Amino acid sequence: MVGVVGANATTFVKLSFDELVADSALVVDGQVTATRSEQTENGIVTYATVAVSDSVVGSAESTLTILTPGGTAQIGRFKIGETWPGAPTLLVGERAFFFVENSVEAGAYQVTGFSQGVMEIVTTPDGEAMVARGNGGKPTSVAEMKQRIKAAKAKGRGKPIAD
Amino acid sequence: MKKILLCATALAIASPVYAGGRLDTFNFTGESNFIPGLEDVEIVGIFWDERCASVRYTLDTILPAGVGGPVSLEATQDALQAGFDSWNEIPTSYIEMNIDSVRTLNNGTRRFDFINELTFETPPGSGFLASSPSTSLQEDAEFLPGDDINGDGIADVFDPAVEGTNSCFIGPDGRTKFPAGFYRAGTILDNDVQFNNRLVANGIFWETTPSSTIGAGPRGTDIEAVAVHEFGHSHGLAHSLINQISSTDGSGSTMFPFIDIDDIGAEETTRTLHDDDIAWSSFIYPEGSAASGIAALQAGDISFDSAYSIIEGSVTQNGFGVLGANVQAEAVNTKRTLVSGYSGTARAFSPNGVSVLVGDLTNSIIDDRYQIPVPRGTYRLRLQALDGEPAAPGNISITAQIGGILGQANFPEEGRGSRPLETDVETNPGQSVPVSVANGRNQSGIDFVTNRNNVLRNAGPLTNIGTGAAIGVPDVVYAERFSNAAVLAQLNGGATLTTGLFRTGVFDASTVGEFQRAGLFYGRVVAGQAQIDLAAPIRAEAPFVGKDGDSTPFFLEDAELLSINVRDALAADPTLDLFLVLEAKNDFNTGDSGLPPLLGLSTSGAVGNSFLSTAGGPFNTFGLRWVVEMRFAPAE
């Protein structure tokens with residue numbers, strides 16, 4: 001192996017899978033159960049409550065709060081929304097592996113690498129839960145993905161040759 | 001001429017329905033017609049209303065962190081205005097954006113304050129390099145004179161009869177004032193572009209001339225290149241999936257979500273708008289679509305209708321429309337990929353007017369259509385999934401994200417076959433029937449049905465790109481074995497071998513990953529070495545152009561006859577296996593890194609199937625696994 005790093009970045013840094021895991025304080029298999037938005041001095045933010053079914057990396061409580069930029073606010077008679085390109089919009093019912101890091105707000109996490117840290121888990125017509133991406137385009141079973149995440153965590157922030 | 005203008009007007013009105021190449025937001029439309037007790041939420045594109053399409057920005061005086069100290073305010077302003085001008089110079093798009101003032105805002109990082117702000121101030125914890133958040137309406141609204149839209153106690157809406165104009169203007173308080181009237185959901189009210197100075201901690205600095213950094217040391221990031229990209233978001237454009245325009249041009253759309261900041265070529269080409277960027281800005285803001293005002297033709301303008309047509313159709317999977325399938329149009333004459341767009345219009349639901357939940361396949365899809373604006377010409381269309389390579393649904397739009405949640409982000413790449421052959425089982429998925437369009441005339445009915453595939457793959461998940469063993473040596477040949485038994489099981493079951501798939505990549509985003517040849521071969525494994533007669537391919541493609549950061553299909557011609565022949569050969573000789581082979585070029589194109597195009601690797605998976613030959617030597621087994629797949633159309 002040579003230690004040359006593929007250096008892709010623009011609106012955000014493109015993370016390798018190992019980096020995504022290493023940069024995350026928690027990786028959980030969970031489902032969004034509720035969201036609420038708040039208008040702050042610097043724009044709208046959304047708090048998503050995630051019911052954790054499995055803590056793959058770290059020790060999460062049974063529920064997790066994830067803070068994302070943007071969301072919806074009712075200001076007077078106007079319904080206003082904020083769109084952040086590349087940022088995750090967490091929707092109620094969404095099941096995913098959530099890769100999260102500490103946010104500036106105590107008790108709330110933020111998604112690692114913007115939308116890179118949300119890997120949707122879908123149920124196939126055969127009833128199998130699969131991850132459609134994050135694996136070289138190859139659908140992966142949830143169990144296999146958990147193994148991969150744990151292996152990456154054990155390895156640390158070793159970068160592949162490229163992205 | 002008038003007829004054409006009317007058509008363009010109709011397009012402009014209709015266009016927000018389709019996700020296309022657009023950023024989107026929620027449109028709360030009232031009591032649900034599908035789920036009792038909830039509200040329907042349609043997903044619509046965001047855009048600047050024509051009355052406010054001369055957009056004024058204020059540059060905050062916080063300076064960019066440069067390698068040797070702050071970048072000067074003057075150089076920063078020049079770079080940012082140059083970024084705007086790249087978009088302003090599109091003759092078929094009427095929107096314009098300019099820096100209107102330079103001042104110290106002292107307003108925190110950003111806010112919904114009707115000041116369109118350019119700033120190098122970001123909140124703590126920001127991991128992005130730059131971002132372009134837009135505040136928009138999430139339901140249709142009637143603005144009345146004196147309305148305070150953001151609740152700050154300041155009137156944001158004026159009476160056009162009193163002011164004598166029906167266009168937005170900057171008030172004495174430095175804030176945008178909107179004319180009273182009706183505004184559709186998706187209307188952008190405020191846009192701020194933030195460039196992150198905090199990444200200095202990660203060794204990333206701002207610069208005004210692109211530079212290359214390989215290895216350790218500060219990494220300069222070109223302000224103008226990033227600005228042009230972000231200003232595309234300011235228009236309301238989503239990320240594009242075009243990262244390699246042709247087999248000879250490795251540059252991509254400016255709106256591709258990533259830029260290689262260590263590759264001068266990549267930064268320089270990001271500064272320059274691609275056909276895709278120009279087409280989408282023009283589609284959303286069609287020049288000549290009004291008889292007066294900013295959308296009316298003026299000196300130097302070209303009407304959208306005289307320059308563009310629309311190719312449209314549907315994308316379906318298992319009878320349902322697909323949200324977020326990517327359709328790309330490649331010009332037949334130049335073989336350049338000009339424009340790409342996304343399929344589908346989505347619906348979600350809300351229990352309380354704020355939070356939004358996802359429905360199911362039966363109630364989430366409003367429309368299965370895509371539209372892509374293209375110049376007059378003949379095109380081949382390709383379809384690919386947002387499977388994470390090169391980008392994932394969350395990187396594109398809410399519509400695409402809902403498609404991902406519904407399991408629609410995973411299907412094989414294909415060309416658009418002729419109508420009777422465009423089904424979910426195709427033995428010639430690489431075929432793409434040319435589609436011709438004339439200016440001002442739409443070409444509809446260009447429909448796709450996503451394919452089903454059976455997949456053989458020895459490798460586990462992708463973990464690396466390339467191996468040091470293949471760098472700096474000549475005549476590198478990768479070979480992946482697919483066992484006699486595994487292939488025969490597919491073929492005897494009635495499946496058709498249609499495609500080899502190589503996961504390829506380049507180090508320098510502006511370069512093309514060209515290989516000497518891809519091929520399908522018979523061979524054997526004897527004493528741990530593969531014996532392959534490279535002079536006798538069953539099928540071959542030379543040269544073979546790999547994608548950047550994606551799986552590259554090697555479509556096999558005459559797949560049905562091929563499958564019969566392969567089946568017979570393998571059945572006759574159980575020692576015979578099938579190999580997919582990728583030969584590197586010795587005289588490869590290279591960018592700033594000097595490194596060749598490479599093949600994806602995995603540290604896990606079935607062992608003993610991946611072989612490497614260098615400098616004319618034997619094919620020895622390799623410790624890692626090549627990320628190579630063999631794909632079959634299943635028996636119908």
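Caption draft 1: Geometry of the interface of chain B and chain A. Taken residue by residue, the interface counts 82 residues in chain B and 64 residues in chain A. Elements that contribute at least two residues to the side of chain B that touches chain A include exactly strand E1 (24-31), strand E8 (130-131), strand E9 (134-137), helix H4 (223-235), helix H8 (398-405), strand E31 (464-465) and strand E33 (496-505) of chain B. Considering only residue class, the side of chain B that touches chain A consists of 36 nonpolar, 35 polar and eleven charged. Sheet analysis places strand E5 (residues 78-83) of chain A next to E9(B), joined by four bridges and oriented antiparallel. Bridging from a neighbouring strand, Glu82(A) pairs with Thr135(B) of E9(B).

Caption draft 2: Quick look at helix H5 (residues 264-271) of chain B. Those residues of H5(B) not exposed but buried are Ile264(B), Ala266(B), Glu267(B), Thr269(B) and Thr270(B). Buried residues belonging to H5(B) abut strand E18 (219-222) and H4 of chain B.

Caption draft 3: Broad picture of the sheet that holds E9(B). Pairing is antiparallel across the open sheet formed by four strands, whose spatial order is E4(A)-E5(A)-E9(B)-E15(B). The open sheet has two free edges, formed respectively by strand E4 (71-75) of chain A together with strand E15 (188-191) of chain B, since each of these has just one partner strand. In this sheet, neighbouring strand axes are inclined to one another by 25 degrees on average, regardless of whether the strands run parallel or antiparallel.

Caption draft 4: The nonpolar core, seen in detail. Counting residues in hydrophobic clusters, the biggest one holds 153 residues, and the most contacted among them are Val27(A), Ile66(A), Phe97(A), Phe98(A), Ala348(B) and Val374(B). Not counting chain neighbours up to four residues away, the residues in contact with Phe97(A) comprise Val27(A), Asp29(A), Met119(A), Ile121(A), Val131(A) and Met145(A). Counting 48 residues, the second-largest nonpolar core is a separate cluster that includes Leu456(B), Leu462(B), Val476(B) and Phe622(B).

Caption draft 5: Layout of the confidence of the model for chain A. Residues and elements named next belong to chain A. Mean pLDDT over chain A: 84, with 84% of residues reaching 70 or higher. Between the elements of chain A, mean pLDDT differs from a low of 87, seen in strand E10 (residues 140-141), to a high of 97, seen in E5. Considering only residues more than four positions removed or in separate chains, one finds that residues 1-11, a stretch of pLDDT under 50, has 41 contacts. A low-confidence stretch, residues 158-163 (pLDDT under 50), is modelled with 26 contacts involving residues beyond four sequence positions or located in other chains.

Caption draft 6: Structural detail: unusual backbone geometry. All names here are of chain B. Here the amide bond leading from glutamate 389 into proline 390 is cis, since omega sits at 5 degrees, within 30 degrees of zero. Backbone torsion omega between alanine 542 and proline 543 reads -10 degrees, so that peptide bond is classified as cis. Topologically, proline 543 is positioned in the loop between strand E36 (539-541) and strand E37 (544-546). In this structure, alanine 615 takes a positive phi of about 50 degrees despite not being glycine. Within the secondary structure, alanine 615 is located in the loop between strand E41 (610-613) and strand E42 (619-621). Judged by C-beta crowding, with 8 C-beta atoms within 10 Å, alanine 615 ranks as exposed.

Caption draft 7: Representation of the environment of Val228(B) within the structure. Residue and element names in this part refer to chain B. The topology assignment puts valine 228 in helix H4. Linking valine 228 and aspartate 568, residues 340 residues apart in sequence, is a C-alpha distance of 56 Å. Not counting the four nearest positions on each side in its chain, valine 228 is found in contact with Gly83, Ser86, Thr254, Thr270 and Arg271.

Rules and cut-offs
- Residues numbered from 1 in each chain as written.
- Chains lettered and ligands numbered in written order.
- Predicted model: local features only at pLDDT ≥ 70, side-chain atom pairs only at ≥ 80, totals over all residues.
- Contact = placed C-beta atoms within 7 Å.
- Helix = DSSP H or I, 4+ residues; strand = E, 2+ residues; numbered from the N terminus.
- Nonpolar A, V, L, I, M, F, W, Y, C, P; charged D, E, K, R; others polar.
- Pairing = 2+ DSSP bridges.
- Buried ≥ 20, exposed ≤ 12 C-beta atoms within 10 Å, placed from the backbone.
- Axes fitted to C-alpha atoms, helices over the stretch in contact; angles between N-to-C directions.
- Core = buried A, V, L, I, M, F, W, Y, C linked by C-beta atoms within 7 Å.
- pLDDT = per-residue confidence, 0-100.

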